[in-house]
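# Chain and residue survey
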Amino acid sequence: MEIFQISSEITPLAKVGGLGDVLMGFSRELLKKGHSVLPIIPAYGAIDRAQLRPLNREEWFDSRFRDTPIRASLSYYEFDTALPVALLDTEDGFFRNEKTIYDAHDGASAYLLFCRAIVDWMIATHQAPDIVHLHDWPTAILPTVYQTVTKQEPPFRTVFTVHNFEYQGRCSWDDLSQIGLYQHNVPDPSRLADPVHDCLNLVKAGLLSADVSTTVSPTYAQEVRTQEQGNGLQEVLSSLDDRFIGILNGLDSTYWNPETDILIPKQYGLSSKPRPSSRVLEGVRFAKKFNKKHLFQSIGIPLIEGAPLIASVTRLVPQKGTSLIKDLCYRSEEMNTQCLVLGSVPDHQTEQDFLHLDSFLRARGRGAVFLANNEAFAHKAYAAADMFVVPSIIEPCGLTQLIALKYGTIPIVRKTGGLADTIIDLDSTSGIPNGFMFESADVNALVQTTHRALKAFHNLQRWEELMVQGMVQDHSWTKPGNAYCAVYAGDN
Ligand code: ADP
C-alpha cells in the first residue's frame, strides 16, 4: 500500500511529545512490512537539517493563503535508517522562518495552510495514495479541504488518529477563510461546529469526515466516550460506533533500546534472554548504577546509598498530574528517595513552582529539576532511574512508562487510559506484573503505592524479577502495526 502520514511531529526531527515518537516508530514498522510510507511535516526552522539526507527531489506547486496565490514546495529527504520524510514550505519560508513548533503562528493558521497546501500538492502532482493517515487537530481538516476544493470525495481512504482529546483545534470561520473554506462552500458545514462552544472544532470535523478514526489505547477510546473525558465530543464519538477504535501505541524498540542507546553512558540489557543468568542481571545492575552515578555527578549531587531514584520526564501540564509529581518529590526526605524531574514548562507559574522544588531538592541533596525539552537528557534519566512516576490525571496512551519498562525502570502509574492498558501492579492477581498502579488521583494514594514500591525495591530478588518482566515484554510496533494495517484494509 502507499501511505501518507500527515503530522505536525516526527522524532527526532520535530518532537514535542509522544506524537513524534509514534510517527517515527509506526512509519518504520510500515516500511518493514513492505509498504511505501511518506511522512509529511511542515519544514520548521527548528529542524536540525544535519540529520537529513536530501533526495534531490522537490515539487513546486500553486496554493492559496489569505486570498493570495502562493507557491509552495514539498522537499524529499531521508533520515535515520532510510526513513523518507517530505517537508512542506512556502516560497517565502512560512514554516522555515519559525523556530518553534506549535506556537509558531497564532491559532490554527499555520496548520490550516499546511492542510490546504498538501491538498493542492496532491492535485497538482496527481498523487494517488491508498491511505492518507492524519494525526491530531493540525491535520484534521484535510478531508474537508479536499472535498471543498475538488467538490469530490477523496479517492483515497482517510484514517484520523487523535492522540489527545485535550487539544481539539478550536477556531473560527475567519480562520478557515484564510484557506478558502467558507460556510457556503464547505459541504455540510455543521460537521465543523463545536458541540459546546460557539466556534469550530477541527477534531470534530476530522472524526466526521475520516473513513475511520482511532485513538491510542482501548481504555482511552472508552473513556472519551464519557462526559468526564470526552471534552464535549462524547456524543460524536459514541455515534461513530466501530468507526472509532482504540489501538495501543507501540514503542520503537530500535530507538528506545538500552543495549544500543548511544545517548546513555553505559549500555545494558538482557541480550533478549527472558531468563537471564545472574551474571547478566549483575551487568544490568552495574550499568544502571553507573548511569545513575554519572548523571548525579553531572548535576553535582551525591548519591544517597539505599535511596532509590524516582524520575519523571514529562510535559508539565495538569493532565500529567504535575501537582502529584511535586507532592511526591517534596516527600523525598521522609521517604528516603532521590528525585529527578525533566519537564517542559508551558507557563510561568508552573516554572516558578518547579524552580522552588528544584531548590528544595538540591538543598537536601535529594535531587533536581530540569526545566527543558531535552531528548538526550531524557534517555539518561530513563537509564539512571530505579522508578518512574506517571501519575497522570488523563493519559491517552503514555509512552514514558513503556520506555521506562524497556530501561528496567519500574513504573508507578495512575490507573487511566493507556497506563491501565500497559501496567500490571505487583499485587495484581492476574497477568504478569511490571509495575505499581494506584487509582485515586490524590497524593495519599500515590504515597501509599510508592511505599509498596520501596518495600519491593529493598528485596533485590523481587525487584529484579519485576525489572526483567518489564524489560522482556513486547511493546514494539509489530502488533499495533498489524492492527493499523487491518484498519487500512477495512478489516477492523
Ligand atoms: P505526551 O505525548 O502527552 O507528551 P507521551 O508519554 O505519549 O506523552 O510521550 C512523551 C514523549 O516525550 C516521550 O518520548 C518522553 O520521553 C518525551 N518527553 C516528554 N517531556 C520531555 C522533556 N521535558 N524532555 C525530553 N523529552 C520529553
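Here, the structure is the one placed above.
Computed from a prediction, not measured in an experiment: that's the story for all the values here.

What follows is about the environment of Asp 358. When you line up the elements, Asp 358 lands in helix α12 (residues 348–363). Remark: the alpha-carbon pair of Asp 358 and Phe 296, spanning 62 residues in sequence, is separated by 14 Å. Once residues lying within four places of it in the same chain are set aside, the contact partners of Asp 358 are Ala 368 and Val 369.

Enumeration according to the criterion identifies 20 salt bridges in this entry. Between Arg 116 and Asp 120 there is a salt bridge, and its shortest N-O distance comes to 2.9 Å. Residue Arg 116 and its partner Asp 120 are both found in helix α2 (residues 109–124); the two are separated by four residues, about one turn of the helix. For Arg 116, a relative accessible area of 10% corresponds to the buried category. Among the salt bridges present, the one from Lys 289 reaches Glu 305, with a minimum N-O distance of 3.3 Å. Here Glu 305 lies in the loop between α9 (278–299) and β12 (309–315) and Lys 289 lies in helix α9, a separation of 16 residues in the sequence. For Lys 289, a relative accessible area of 34% translates into the label partly exposed. Take Glu 305: its relative accessible area is 66%, and that puts it in the exposed class.

Enumeration according to the criterion identifies 22 aromatic pairs in this entry. Centre to centre, the rings of Tyr 111 and Trp 137 are 5.5 Å apart; their planes meet at 80°, and the pair counts as edge-to-face. Residue Tyr 111 is located in helix α2, and its partner Trp 137 is located in the loop between β6 (131–135) and α3 (142–150); the two are separated by 26 residues in the primary sequence. With respect to burial, Tyr 111 and Trp 137 carry one shared label: buried. Measuring from centroid to centroid gives 5.2 Å for Tyr 146 and Phe 156, while their planes differ by 80°, and the two rings are edge-to-face. Of the two residues, Tyr 146 is situated in helix α3 and Phe 156 in the loop between α3 and β7 (157–162); the sequence distance between them amounts to ten residues. According to the relative accessible area criterion, Phe 156 is buried, its value standing at 6%. Here a set of aromatic residues connected by ring pairs shows up, and it is made of Phe 65, Phe 94, Phe 95, Tyr 111, Phe 114 and Trp 137. Sitting above the plane of the Tyr 76 ring, Arg 57 keeps its charged end 3.9 Å from the centroid. Seen from the ring of Phe 360, Arg 364 lies directly overhead, with NZ or CZ sitting 3.8 Å from the centre.

Thresholds applied
Residues numbered from 1 in each chain as written. Predicted model: local features only at pLDDT ≥ 70, side-chain atom pairs only at ≥ 80, totals over all residues. Heavy atoms only, no water. Helix = DSSP H or I, 4+ residues; strand = E, 2+ residues; numbered from the N terminus. Contact = heavy atoms within 4.5 Å. Salt bridge = Lys/Arg side-chain N within 4 Å of Asp/Glu carboxyl O. Buried < 20%, exposed > 50% of the residue type's maximum accessible area, 1.4 Å probe, protein only. Phe/Tyr/Trp six-rings, centres within 6.5 Å; stacked < 30°, edge-to-face > 60°. Lys NZ or Arg CZ within 6 Å of the ring centre and 35° of its normal.

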